[in-house]
Amino acid sequence: MRISTQLFPAVLAGFVAVLVGYASSAALIWQAAAAAGANAQQIAGWMTALGIGMGVSTLALSVWYKAPILTAWSTPGAALLATSLQGISLAETVGVFIFANALILLCGLTGLFARLMKIIPHTLAAAMLAGVLLRFGLQAFSNLEGHFLLCGSMLLAWLITKAFAPRYAIVVTLVVGGIAAWAGGDVVTENLHVAVVMPQWISPTFSFTTLISVGLPFFLVTMASQNAPGFATMKASGYPIAVSPLMIFTGALALLFSPFGVYSICIAAITAAICQSPDAHPNADKRWIAAAAAGVFYLLAGVFGGSITALMASLPLSWIQTLAGLALLGTIGGSLSQALHHETERDAAVVTFLVTASGVTLAGVGSAFWGLIAGGICYAMFSRFRRA
């Protein structure tokens, strides 16, 4: 009985992580695929291949390292593709996937990305994580304005359970929110259907112009706005796993699956934080179970890739956002505590946090990257002046 009560929050954390990942950006994948001219059957196949790729990588890495290593598709990359693939053929699009994933694999093989990650101070990594997660924490409360009964009941359930049985706060919040959404008629089931769609092989073609204009920016955005925050999240959560082996594994797997529509398999940041939180398991050495559970849910989502969009559309967005925000509160607080712990590094950490939280995008690269750059400049300058 004791084992089951410890495992249930971990399995639930894995479910919430996958739910949040799909709910937050599955629509972007469809938009990117549609922009490249893919039909509905091909898009559903992409979702199947992505789910299987993320499931295999998450499950294999978490079990091998006994650490909560969650993979994900590149949400910033999907946003860039959705706006850049107009007029580009589906074969050229697959060529872009192969090109970008090959570059990611090369970064792992050469150790270049690992050397970069080693020089990032821990306080700045924690500040960047807090900045990335801030928007999700705010959504847990901002939805009260338009969905008071649903979100208010979830917040009340979380507050009461957190006081008396904190390990089950998210469990109770999910159940209460589901009941409130169903009772309020916010769950739309008319378009729900179960469908298994096999991925289709798409032979690639390579255009130098497309690779430079789309492939290279896509690679940079994926590395700067997805992989870098993902590794920083692991570091800030107390899991300093070697970077290069993970880059090699995810890059090679994504490269293998590229002709089936897998545009990227990256190290997750936001959803990984849910599995790396103390709410997933009180023992940090056991939180890999949450990520392994997420891998299983990824595989299930992949098998039924044709149904995933209908499922996401049936759930109220406010329910998903509130659940995600409350699940991440502990991680946000812990990250801020680590970021501000050292007084000499506090100003640089605050700059990193604020720039990241601002959501600014420059040259197609997201705020997480620029937060690290701005904070790193401050850190270097302040350190130099203190030594002088």
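In this text, all values refer to a predicted model and were calculated from it rather than measured experimentally. (Residues numbered from 1 in each chain as written. Predicted model: local features only at pLDDT ≥ 70, side-chain atom pairs only at ≥ 80, totals over all residues. Heavy atoms only, no water.)

Asker: Describe in detail the layout of surface pockets, supporting the description with residues and values.
Answerer: In this model, the second largest pocket occupies a volume close to 440 Å³. Mapped onto the lining of the second largest pocket, the elements with two or more residues apiece are helix H5 (112–118), helix H9 (208–236) and helix H17 (367–387). For the lining of the second largest pocket, the per-class residue count stands at 17 nonpolar, 1 polar and no charged. (1 Å grid on protein atoms, 1.4 Å probe; cavity = no way out; pocket = protein on both sides within 12 Å on 5 of 7 lines; lining within 4 Å. Points joined across faces, edges and corners; volume = space filled by probe spheres on them. Helix = DSSP H or I, 4+ residues; strand = E, 2+ residues; numbered from the N terminus. Nonpolar A, V, L, I, M, F, W, Y, C, P; charged D, E, K, R; others polar.)

Asker: Account for the side chain of Ser258, with residues named and values stated.
Answerer: Among the secondary structure elements, Ser258 is positioned in the loop between helix H10 (243–257) and strand S2 (266–267). At a separation of 2.8 Å, a polar atom in the side chain of Ser258 contacts the side chain of Asn101. Each residue touching Ser258, except ones within four places of it in the same chain, is listed here: Val94, Phe97, Ile98 and Asn101. (Polar contact = N/O pair within 3.5 Å; in protein donor to acceptor, adjacent residues only side chain to side chain. Contact = heavy atoms within 4.5 Å.)

Asker: Could you give an account of the side chain of Thr222, with specific residues and numbers?
Answerer: Take Thr222: it is sitting in helix H9. Separated by 3.5 Å, the side chains of Thr222 and Ser74 make a polar contact. Not counting the four nearest positions on each side in its chain, Thr222 is found in contact with Ser74, Gly77, Ile104, Asn227 and Cys266.

Asker: An account of the nonpolar core is needed here, citing residue identities and associated values.
Answerer: Counting residues in hydrophobic clusters, the biggest one holds 117 residues, and the most contacted among them are Val16, Tyr22, Leu70, Trp73 and Tyr263. By residue number, the principal contributor to this core is helix H1 (residues 2–35), which donates 14 residues. (Core = buried A, V, L, I, M, F, W, Y, C linked by side-chain atoms within 4.5 Å. Buried < 20%, exposed > 50% of the residue type's maximum accessible area, 1.4 Å probe, protein only.)

Asker: So what about the packing of H9 against H10? Which residues, and what values?
Answerer: Remark: H9 packs on H10, axes separated minimally by 12 Å, with the N-to-C direction vectors making an angle of 135°. Overall, the two elements H9 and H10 adopt an arrangement that is oblique. Crossing handedness for the pair H9 and H10: right-handed. Every residue of H10 that contacts H9 at Met223, Asn227, Phe231 and Met234 is listed here: Val243, Leu246 and Met247. Among the residues making up the contact of H9 with H10, the classes are represented as 6 nonpolar, 1 polar and no charged. (Axes fitted to C-alpha atoms, helices over the stretch in contact; angles between N-to-C directions. Parallel < 35°, antiparallel > 145°, perpendicular 65-115°, else oblique. Left-handed = near helix turned anticlockwise from the far one by under 90°.)

Asker: Pulling in residues and values, what's your account of empty space enclosed by the protein?
Answerer: According to the stated counting rule, one finds 1 cavity of 30 Å³ or more in the structure shown. Estimates place the volume of the largest cavity at around 110 Å³. What lines the largest cavity is a set of 12 residues, and nearest its centre among them are Pro9, Ala13, Ile170, Asp279 and Ala280. Residue assignment for the lining of the largest cavity shows that the elements contributing at least two residues are H1 and helix H8 (169–183). A class-by-class count of the residues in the lining of the largest cavity yields 10 nonpolar, no polar and 2 charged.

Asker: Any details on the packing of aromatic side chains? Residues and values, ideally.
Answerer: Under the counting rule described, the total for this entry stands at 5 aromatic pairs. Each ring, one from Trp46 and one from Phe97, has its centre 5.6 Å from the other, and the planes form 70°; the classification is edge-to-face. Note that Trp46 is positioned in helix H2 (residues 40–65) and Phe97 in helix H4 (residues 90–110), a separation of 51 residues in sequence. An angle of 50° between the planes, with centres 6.1 Å apart, marks the rings of Phe97 and Tyr263 as tilted. Highlighted residues: Phe97 in helix H4 and Tyr263 in the loop between H10 and S2, separated in sequence by 166 residues. The same class applies to Phe97 and to Tyr263, which are both buried. By way of ring pairs, the aromatic residues Trp46, Phe97, Phe218 and Tyr263 are connected into one cluster. Note that Lys66 overlies the ring of Trp288, its terminal NZ or CZ placed 4.9 Å from the centroid. (Phe/Tyr/Trp six-rings, centres within 6.5 Å; stacked < 30°, edge-to-face > 60°. Lys NZ or Arg CZ within 6 Å of the ring centre and 35° of its normal.)

That is the geometry; function is a separate question.
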